[in-house]
Amino acid sequence: MADASLHGNGEKCPACELRRDPLREAAELDQAVECNFCGGTGRVGRAVAEIIREAVQWAAANYWPEREARWREDNG
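Parameters and conventions
- Residues numbered from 1 in each chain as written.
- Predicted model: local features only at pLDDT ≥ 70, side-chain atom pairs only at ≥ 80, totals over all residues.
- Heavy atoms only, no water.
- Helix = DSSP H or I, 4+ residues; strand = E, 2+ residues; numbered from the N terminus.
- Buried < 20%, exposed > 50% of the residue type's maximum accessible area, 1.4 Å probe, protein only.
- Contact = heavy atoms within 4.5 Å.
- Areas by Shrake-Rupley, 256 points an atom, 1.4 Å probe, with all protein chains shown as cover.
- Salt bridge = Lys/Arg side-chain N within 4 Å of Asp/Glu carboxyl O.

When its secondary structure is counted, the chain shows two helices and two strands. When the helices and strands of the chain are read in sequence order from the N terminus, they spell out β-α-β-α. Scored against the burial criterion, the 76 residues of the chain give a buried share of 17%. In the chain, the proportion of contacts linking residues at least 24 apart, taken out of those at least 6 apart, comes to 52%. For the chain, the accessible area works out to roughly 6200 Å², and carbon and sulfur atoms hold 54% of it.

So, in structure tokens, the structure goes:
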């Protein structure tokens with residue numbers, strides 16, 4: 001299950017969001033909805049492979065060029 005306190009491992013459940021739109025428009029205080037997709041949590045997890053792919057892409061664009069430049073400076 002996607003943990004709301006962890007950045008990037010989940011996202012808002014699209015099915016719940018669609019069901020909550022009319023409740024928001026009506027200014028309902030209780031916006032709890034039943035959902036078969038997320039089990040009523042309001043969050044769905046992302047695939048582990050997708051999370052890893054994004055982390056690798058970020059590292060290739062940001063981390064490794066900096067580390068290689070620093071290595072070149074240190075080793076002449």
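That covers the picture; the talk isn't over yet.
Turning our attention to the environment of Ile 51. Residue position: Ile 51 is located in helix H2 (residues 48-75). Between the C-alpha atoms of Ile 51 and Asn 9, which are 42 residues apart in sequence, the distance is 6.9 Å. Filtering out sequence-adjacent residues up to four positions away, Ile 51 remains in contact with Gly 8, Asn 9 and Arg 46.

By the definition in use, this model includes three salt bridges. A salt bridge links Glu 50 to Arg 46; the nearest nitrogen and oxygen atoms lie 3.3 Å apart. With a relative accessible area of 30%, Glu 50 lands in the partly exposed category. The class of Arg 46 is buried, set by a relative accessible area of 16%. In this structure, Arg 70 and Glu 66 form a salt bridge, with 2.8 Å as the shortest nitrogen-oxygen distance. You can see Arg 70 and its partner Glu 66 sitting in helix H2, four residues apart, about one turn around the helix. Since its relative accessible area comes to 39%, Arg 70 is described here as partly exposed. Judged by relative accessible area, which is 45%, Glu 66 ranks as partly exposed. Members of the salt-bridge network, linked through shared partners, are Arg 46, Glu 50 and Glu 54.

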